[in-house]
Amino acid sequence: MNVALFLIGLGKIFFGILVGALGVWLGSRVLGRLLRLGEIDEELAKGNAGVAIISAAGLLSLGLLAQHAVSATFAAMDLMYRGQKLAPVMLGKFAFYGLAHVALSLAVGAAALAVGTFLFVRLTRGVDELAEIRKGNLAPALVLGAVMVVIALVAAPGLETALDGLLPLPELARDEVMAPS
């Protein structure tokens, strides 16, 4: 049994739970404010199904974006620390870069979803989807929710690449190959 690998895996699970629960929740609050949906908890308590659908789509979309950030962070950290013994300094750097990556991905993701949503709303001139959603209309909420998921799916690879550029990855020569250890 590889104890270090097992512990790293448990750390990744814990990090994923933290990001999935806390990070995406915070990101969805930011997105709700950017879309001016009102106080989401109050709208949900009133039974506003339109806000519920758009909130659920926002959560799903942010989860898709965060998943790419988390996997990019893990892949980069695995590459940076390949073959090294587990050390507290390594764990500190991993936590710092992981949290910075995810926070940035959720902030950029919420902004991208808001911009894409506003662009879509401007393109559909006959309907003010956001106003209808505030009233509880399900039809525009379903359509706008699907638009948000599509935006997340299409933007995620670009976000992952941008985030990769922020990590201090080791420089490999053009023809250098690292054998797995």
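All values reported here derive from a predicted model rather than from experimental measurement. (Residues numbered from 1 in each chain as written. Predicted model: local features only at pLDDT ≥ 70, side-chain atom pairs only at ≥ 80, totals over all residues. Heavy atoms only, no water.)

### Overview of the nonpolar core
For step 1, the next point in the chain: Of all hydrophobic cores here, the largest spans 34 residues; its most connected members are L31, L35, L113 and I133.
For step 2, the next point in the chain: Of all the elements in the fold, those that place two or more residues in this core are α1 (3-34), α3 (49-80), α4 (88-123), α5 (129-134) and α6 (138-164).
For step 3, the next point in the chain: Setting aside residues no more than four positions away along its own chain, L113 makes contact with L31, S61, L62, L65, M148, I151 and A152. (Core = buried A, V, L, I, M, F, W, Y, C linked by side-chain atoms within 4.5 Å. Buried < 20%, exposed > 50% of the residue type's maximum accessible area, 1.4 Å probe, protein only. Helix = DSSP H or I, 4+ residues; strand = E, 2+ residues; numbered from the N terminus. Contact = heavy atoms within 4.5 Å.)

### Observations regarding a nonpolar patch on the surface
For step 1, the next point in the chain: Where nonpolar side chains cluster on the molecular surface, the patch consists of M1, V3, F6, L7, I8, L10, I13, I17, L86 and L91 and spans about 990 Å² of accessible area.
For step 2, the next point in the chain: Among the elements that line the nonpolar patch, the one with the most residues is α1, at seven residues. (Patch = residues over 30% accessible without salt bridge, like charges linked within 9 Å, V, L, I, M, F, W, Y side chains within 5 Å. Areas by Shrake-Rupley, 256 points an atom, 1.4 Å probe, with all protein chains shown as cover. Salt bridge = Lys/Arg side-chain N within 4 Å of Asp/Glu carboxyl O.)

### Overview of the layout of surface pockets
For step 1, the next point in the chain: Estimated volume of the largest pocket: approximately 540 Å³.
For step 2, the next point in the chain: Considering the residues around the largest pocket, the lining is formed by 21 residues, among which A4, I8, D78, L86 and M90 are closest to the centre.
For step 3, the next point in the chain: Going through the elements one at a time, α1, α3 and α4 are the ones with two or more residues in the lining of the largest pocket.
For step 4, the next point in the chain: Residue contributions to the lining of the largest pocket peak at nine residues, all from α1.
For step 5, the next point in the chain: Tallied by class, the residues present in the lining of the largest pocket amount to 14 nonpolar, four polar and three charged.
For step 6, the next point in the chain: In this structure, the second largest pocket spans a volume of roughly 200 Å³.
For step 7, the next point in the chain: Contributing to the lining of the second largest pocket are 13 residues, with G23, L26, V102, A103 and L106 lying nearest its centre.
For step 8, the next point in the chain: Only α1 and α4 provide two or more residues apiece to the lining of the second largest pocket.
For step 9, the next point in the chain: Per-class residue counts for the lining of the second largest pocket are eleven nonpolar, two polar and no charged. (1 Å grid on protein atoms, 1.4 Å probe; cavity = no way out; pocket = protein on both sides within 12 Å on 5 of 7 lines; lining within 4 Å. Points joined across faces, edges and corners; volume = space filled by probe spheres on them. Nonpolar A, V, L, I, M, F, W, Y, C, P; charged D, E, K, R; others polar.)

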